[in-house]
Amino acid sequence: MVVMSKERALIEVRLAGLSQGAYEFDFACSAGDFGDTALTEAGFSKDISVKVVVDRTDNEMSVTLTTVAKADLSCDLCLAPITMELHGSYRIYYSYEQAAEQNEDRDEEEYRLIDSNALSIDLTEDARETLLLSVPMKVTCTDNPDCQVFIQEGQNESDGDATPPDSSWQESLEKLKNKYR
Ligand SMILES: [Zn+2]
């Protein structure tokens, strides 16, 4: 394992000197900076922007990550390539109190302990996960007419009450389709 103690983490917030209150940090990086093939396989290849809002109180600190990135995806129905702007967000609560750890019901994903004297927090892994979670489960075309035809055909087949083609142009379209089938 390579120890990179001198090198700054990709998404890192310096806590030293931050008093109580809300602070906003903006990061601009590219998908390749994360060095993770899962991101590129998910479609991220270009610029990624990460906004981090740190809100410190006496004994707790909330960290909200917001990611915006373009991803190259493909339509689930027609496989046409689609580039989408994906928005992700994730919130983590950091507690300075040791007592918080005793509560087993707390979600480990969102509640973490932190040394009140910690100089910085590395949010690279959290940003990476937020990006992956921002990828939609279903992707379909929004403005591809070929894909819309495909959707309508599928609906008519499953719907028994579907109205048959009544206009002449629709009939000729059907004939034309059969001709090339
Ligand atoms: Zn499509």
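Note that this is a predicted model, so its numbers are computed, not measured.

Enquirer: Before we move on, can you summarise the overall build of the protein chain with the specific residues and values?
Expert: Broken down by element type, the protein chain carries four helices and seven strands. Considering the protein chain as a whole, with its 181 residues, one finds that 15% of them fall into the buried category. A separation of at least 24 residues holds for 63% of the contacts in the protein chain among residues at least 6 apart in sequence.

Enquirer: Which residues make up the sheet that holds strand 5 (residues 81–95), and what are the values?
Expert: What the five strands build is an open sheet, ordered 2-3-4-5-6; its pairing is mixed. The open sheet has two edge strands, strand 2 (21–30) and strand 6 (111–113), and neither has a second partner. Pairwise comparison of adjacent strand axes, ignoring direction, gives a mean angle of 25° for this sheet. Where strand 5 and strand 6 come together, three bridges link them in parallel fashion. Looking at strand 6, one finds that Ser95 is bridged to Leu113.

Enquirer: Describe the nonpolar core, and please don't skip the residues or the numbers.
Expert: In this structure, Phe44, Val63 and Leu123 are the most contacted members of the largest nonpolar core, which totals 20 residues. Taken together, the elements giving at least two residues each to this core come down to strand 3 (44–56), strand 4 (60–74), strand 5 and helix 2 (124–133).

Enquirer: With reference to specific residues and values, describe the pairing of strand 4.
Expert: Where strand 3 meets strand 4, ten bridges bridge the pair, whose relative direction is antiparallel. For Val53, the partnering residue across the bridge sits in strand 4 and is Thr64. Counted along the chain from strand 3 to the antiparallel partner strand 4, the turn is three residues long. Between strand 4 and strand 5, which pair antiparallel and follow one another directly, the connecting turn spans six residues, one of which, Leu79, has a positive phi of 65°.

Enquirer: Before we move on, could you go through helix 2 and cite the residues and values that matter?
Expert: Of the positions making up helix 2, those classed as buried are Asp126, Ala127, Arg128, Thr130 and Leu131. On its buried face, helix 2 sits against helix 1 (37–41), strand 3, strand 4 and strand 5.

Enquirer: Which residues make up the environment of Ala16, and what are the values?
Expert: By the element assignment, Ala16 lies in the loop between strand 1 (12–14) and strand 2. Take Ala16: there are 8 C-beta atoms within 10 Å of it, and that puts it in the exposed class.

Enquirer: Describe in detail unusual backbone geometry, supporting the description with residues and values.
Expert: A positive phi angle, close to 65°, is found at Leu79, a residue other than glycine. On the secondary structure map, Leu79 appears in the loop between strand 4 and strand 5. Given 10 C-beta atoms within a 10 Å radius, Leu79 is considered exposed.

Enquirer: Hey, could you go over the pairing of strand 3 for me, with residue numbers and the actual values?
Expert: Relative to strand 3, strand 2 is paired through ten bridges, and the arrangement is antiparallel. Looking at strand 3, one finds that Tyr23 is bridged to Val54.

Enquirer: How would you explain the environment of Glu85 if you had to name every residue and give the values?
Expert: The residue Glu85 is located in strand 5 in this model. Residues Glu85 and Lys70, spaced 15 residues apart in sequence, show a C-alpha to C-alpha distance of 4.3 Å. Not counting residues within four places of it along the chain, the set of residues in contact with Glu85 comprises Val68 and Lys70.

Enquirer: Outline the environment of Glu110, listing residues and values.
Expert: Looking at the element boundaries, Glu110 is found in the loop between strand 5 and strand 6. On the basis of neighbour count, Glu110 is assigned to the exposed category, with 12 C-beta atoms found within 10 Å. C-alpha of Glu110 to C-alpha of Val63: the two residues are 47 residues apart in sequence and 9.7 Å apart in space. If sequence neighbours within four positions are ignored, Glu110 has contacts with Arg91, Ile92 and Tyr93.

About the criteria used
- Residues numbered from 1 in each chain as written.
- Predicted model: local features only at pLDDT ≥ 70, side-chain atom pairs only at ≥ 80, totals over all residues.
- Helix = DSSP H or I, 4+ residues; strand = E, 2+ residues; numbered from the N terminus.
- Buried ≥ 20, exposed ≤ 12 C-beta atoms within 10 Å, placed from the backbone.
- Contact = placed C-beta atoms within 7 Å.
- Pairing = 2+ DSSP bridges.
- Axes fitted to C-alpha atoms, helices over the stretch in contact; angles between N-to-C directions.
- Core = buried A, V, L, I, M, F, W, Y, C linked by C-beta atoms within 7 Å.

The values are spatial; any link to function lies outside them.
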